[in-house]
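Observations on the three-dimensional arrangement
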Amino acid sequence: QVQLVESGGGLVQAGGSLRLSCAASRSIFTFDTMGWYRQAPGKQREMVATITSGGTTNYADSVKGRFTIYRDNYKNTMYLQMNSLKPEDTAVYYCNAVERFRGSDYWGQGTQITVSS
């Protein structure tokens, strides 16, 4: 089993920046895809950004040009750099990892991001 622990959430003013971290309890070399998802109150969970083991990234249209996802396999950690934050970015952000050869899908416990206007 793998534990994913998010950190870096908090309260920030619109236009500000935050960096989220997702630390895994073991090596992430075998994680085919890692990603960040978010869920705002009353809304469904949505994909924010994903990154494959080969470094291919994918972003939701709403965050393109503002957020950057990257992973450091040697530190067993994935990051989400968030710039130019908007009030509509307010949500609980979750870390996800998919490990296909085990048929496993892992989730963190979530971290709250609140952007004030």
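For the structure given in this document, a descriptive report is provided here. On a predicted model such as this, the values are computed, not experimentally measured, just so you know.

About the cut-offs
Residues numbered from 1 in each chain as written. Predicted model: local features only at pLDDT ≥ 70, side-chain atom pairs only at ≥ 80, totals over all residues. Heavy atoms only, no water. Salt bridge = Lys/Arg side-chain N within 4 Å of Asp/Glu carboxyl O. Buried < 20%, exposed > 50% of the residue type's maximum accessible area, 1.4 Å probe, protein only. Helix = DSSP H or I, 4+ residues; strand = E, 2+ residues; numbered from the N terminus.

1. Focus: the pattern of salt bridges
Inspection of the entire model under this criterion finds seven salt bridges. In this structure, E46 engages R38 in a salt bridge whose closest nitrogen and oxygen atoms are separated by 2.7 Å. According to the relative accessible area criterion, E46 is partly exposed, its value standing at 36%. A salt bridge links R102 to E99; its shortest N-O distance comes to 3.0 Å. Using a relative accessible area of 48% as the deciding quantity, one classes R102 as partly exposed. Overlapping salt bridges bring together R38, E46, R66 and D89 as one network.

2. Let's talk about unusual backbone geometry
In terms of backbone geometry, most residues other than glycine have negative phi values and most peptide bonds are trans. Even without glycine at this site, N76 takes up a positive phi of about 55°. Structurally, N76 is set in the loop between strand 7 (67–72) and strand 8 (77–82). Phi at S84 takes a positive value of approximately 50°, unusual for a residue other than glycine. Among the secondary structure elements, S84 is positioned in the loop between strand 8 and strand 9 (91–99).

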